[in-house]
Amino acid sequence: MVSINKLNRPKIYTESDQILNDLSAELADLKSRIGFLEEEQEQSRDMLEELSFQRELSNTLIEGHQEETKQNRENFTVIADVMHNLKSPVSNVVDNLADIIAEIDDQETQETLRECMETASTVLDTFNAVEEFCIDAGGYQQATQETVDIRLFFREIITKIQALPEIKLHHSLRLLMDRNVPQQGPLYTESISLCLNSLIKELQANLPSGQITVIVSREKSEEKYGIELSDLEIEIKASPETQLEWNESWVDSIQLNQGQLVNSGFNLLKIRDLLRKTGGELEVKQSQNKVSGFKFCLPLTY
C-alpha cells in the first residue's frame, strides 16, 4: 500500500508497520485497562480501610458495652448486699415487736404494735424482693435452647398451672395454638416456663375470677443467609381485664400499681430482664387503659 506524504514522497507500509500499529493500539488499550484497574484498586483500598475502621469501631463499641454490662452487674451485686444488710435490723424489729405484743395485756396497745409489725414486715418483704431482683440481674447466666415437642411442652405447662389451687378454684385457663407453630423446634424452655408462671400469677393476683387464655403463635420476620428467622409469640389474655392502670412509662406504671403488683412490681421487672437477655421482649396489653394481659416473644430460629 502506498501513500503520498506532505512532500509528495511515496511511503510503503510493510507488514511490520501493521504489526507495530496493532501493538500500539493494544498498548494504548492496555494502558487504559491498567488505569481502570488502578482506579478500582484505589477504591478497593478505600473500602478495605473503611471496613477496617468499622470493625475497629464495632470492637470498641462491643468492648464498651461489655464493660458497661459488667459494671451494671457489679452495681446490682452491691445493691443486693446493701439490701441484705438492711434486712437484719428490720427483721429484729419484727421479732422484738412480736415479743412485746405477747407480753402486753392492753388491747389497744397490742393493735398499734401489730400495725407497726405489719409495716415492718412489708418493708422486709420489699427488701427481700429488691435483693432477689438484684441477685438475678447481677448474676447473669446465658439461657440455652433445647429441641422439644412444642405443642406438648405448652400443654404440659398449662396443665400444671391449671392444677394450682389459686388458679383452679377461681380461674379457667385455656391454651390456643396457632397452626403456624411447628410441631418440634428449639425453645428456651426454662425461660418460657418461668415467664408463663410469673405472668399468669400476676394476672391471677389482680383478677378475682375469670378466664385466662394463652395464645401461642409463630411470627416470621426475615430471611438471612438462606435461613428464615422467626419468633415465638405468647400472649396471655385476661377476661375480664384487671383494674391495673398502665401507661407508656414502666417506672410510672409500676409506681402507680405498686401495691397491687406481685413483689411490688419486681416480678415484672425480673421477667422483662430475663426476656431481654434471650433476645426477646415483654409487652403489657391494655384495654381502655386497664391491663388486659401480657405478650412476650422469644427467638425460635437460633
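Under the annotation held in an unreviewed UniProt entry, the protein chain carries the name Histidine kinase domain-containing protein and is attributed to SAR324 cluster bacterium.

1. Structural notes on the overall build of the protein chain
Each helix and strand counted, the protein chain has seven helices and nine strands in total. Going through the 302 residues of the protein chain one by one, you find that 31% of them count as buried. Of the contacts made within the protein chain by residues no fewer than 6 positions apart, 68% connect residues no fewer than 24 positions apart. Split by element, the accessible area of the protein chain, about 20000 Å² in all, is 50% carbon and sulfur.

2. Describing the nonpolar core
Phe154, Leu196 and Phe296 are the most contacted members of the largest nonpolar core, which totals 55 residues. It is helix H2 (residues 107-138) that contributes the most residues to this core, seven residues altogether. Summarising the domain contributions, this core has at least three residues from each of domain 1 (14-140) and domain 2 (146-301). Here Leu196 is in contact with Phe154, Ile157, Ile161, Val214, Ile234, Ile236 and Phe296, once residues within four sequence places are set aside.

3. A closer look at the packing of helix H5 (residues 189-205) against helix H7 (residues 266-277)
Two elements in contact, H5 and H7, have axes separated by 10 Å at closest approach and are oriented at 155°. Between H5 and H7, the angle falls in the class roughly antiparallel. Along this stretch, H5 crosses H7, giving a crossing that reads as left-handed. Where H5 abuts H7, its residues Ser191, Leu194, Cys195, Ser198, Leu199 and Glu202 lie against Asn267, Leu268, Ile271, Leu274 and Leu275.

4. Things to note about the packing of aromatic side chains
Tallied over the entire structure, the rule returns two aromatic pairs. Both rings, one in Phe153 and one in Phe154, keep their centres 5.3 Å apart while their planes meet at 80°; by these two values the pair is edge-to-face. When its relative accessible area of 13% is taken as the criterion, Phe153 is described as buried. Given a relative accessible area of 0%, Phe154 falls into the buried group.

5. Regarding the side chain of Ser217
Relative to the assigned elements, Ser217 resides in strand S6 (residues 210-224). Those residues in contact with Ser217 that sit more than four places away from it in its chain are Asp178, Asn180, Val181, Asp231, Leu232 and Glu233.

6. A few points about the environment of Gly265
Among the secondary structure elements, Gly265 is positioned in the loop between helix H6 (250-256) and H7. Separated by 63 residues in sequence, Gly265 and Glu202 have C-alpha atoms that sit 9.4 Å apart.

7. Considering unusual backbone geometry
For the bond from Ser239 to Pro240, the omega torsion is 0°, close enough to zero to count as cis. Considering the arrangement of structural elements, one finds Pro240 in the loop between strand S7 (227-239) and H6. For Gln288, which is not a glycine, the phi torsion comes out positive at approximately 55°. Looking at the secondary structure, you find Gln288 in the loop between strand S8 (281-287) and strand S9 (290-299). For Asn289, which is not glycine, the phi dihedral falls at a positive 65°. Structurally, the position occupied by Asn289 is in the loop between S8 and S9.

8. Observations regarding the environment of Ile100
Tracing the backbone shows Ile100 in helix H1 (residues 15-103). Note: C-alpha distance between Ile100 and Arg114 (14 residues apart in sequence) is 10.0 Å.

9. Comments concerning the packing of helix H3 (residues 150-162) against H5
Remark: H3 packs on H5, axes separated minimally by 11 Å, with the N-to-C direction vectors making an angle of 35°. Two packed elements cross with a definite hand, and for H3 against H5 that hand is right-handed. From H3, Phe153, Phe154, Ile157 and Ile161 reach across to H5, where they touch Thr189, Ile192, Ser193, Leu196, Asn197 and Ile200. Of the residues belonging to the contact of H3 with H5, the class tally is seven nonpolar, three polar and no charged.

10. Focus: the pairing of strand S5 (residues 184-187)
The side-chain alternation of S5 yields one buried face, formed by Gly185 and Leu187, and one unburied face, formed by Gln184 and Pro186. Across four bridges, strand S3 (residues 146-149) lies against S5 in antiparallel orientation. Looking at S5, one finds that Glu146 is bridged to Leu187.

Conventions and cut-offs
- Residues numbered from 1 in each chain as written.
- Predicted model: local features only at pLDDT ≥ 70, side-chain atom pairs only at ≥ 80, totals over all residues.
- Heavy atoms only, no water.
- Helix = DSSP H or I, 4+ residues; strand = E, 2+ residues; numbered from the N terminus.
- Buried < 20%, exposed > 50% of the residue type's maximum accessible area, 1.4 Å probe, protein only.
- Contact = heavy atoms within 4.5 Å.
- Areas by Shrake-Rupley, 256 points an atom, 1.4 Å probe, with all protein chains shown as cover.
- Core = buried A, V, L, I, M, F, W, Y, C linked by side-chain atoms within 4.5 Å.
- Domains from an automatic or database assignment.
- Axes fitted to C-alpha atoms, helices over the stretch in contact; angles between N-to-C directions.
- Parallel < 35°, antiparallel > 145°, perpendicular 65-115°, else oblique.
- Left-handed = near helix turned anticlockwise from the far one by under 90°.
- Phe/Tyr/Trp six-rings, centres within 6.5 Å; stacked < 30°, edge-to-face > 60°.
- Nonpolar A, V, L, I, M, F, W, Y, C, P; charged D, E, K, R; others polar.
- Pairing = 2+ DSSP bridges.

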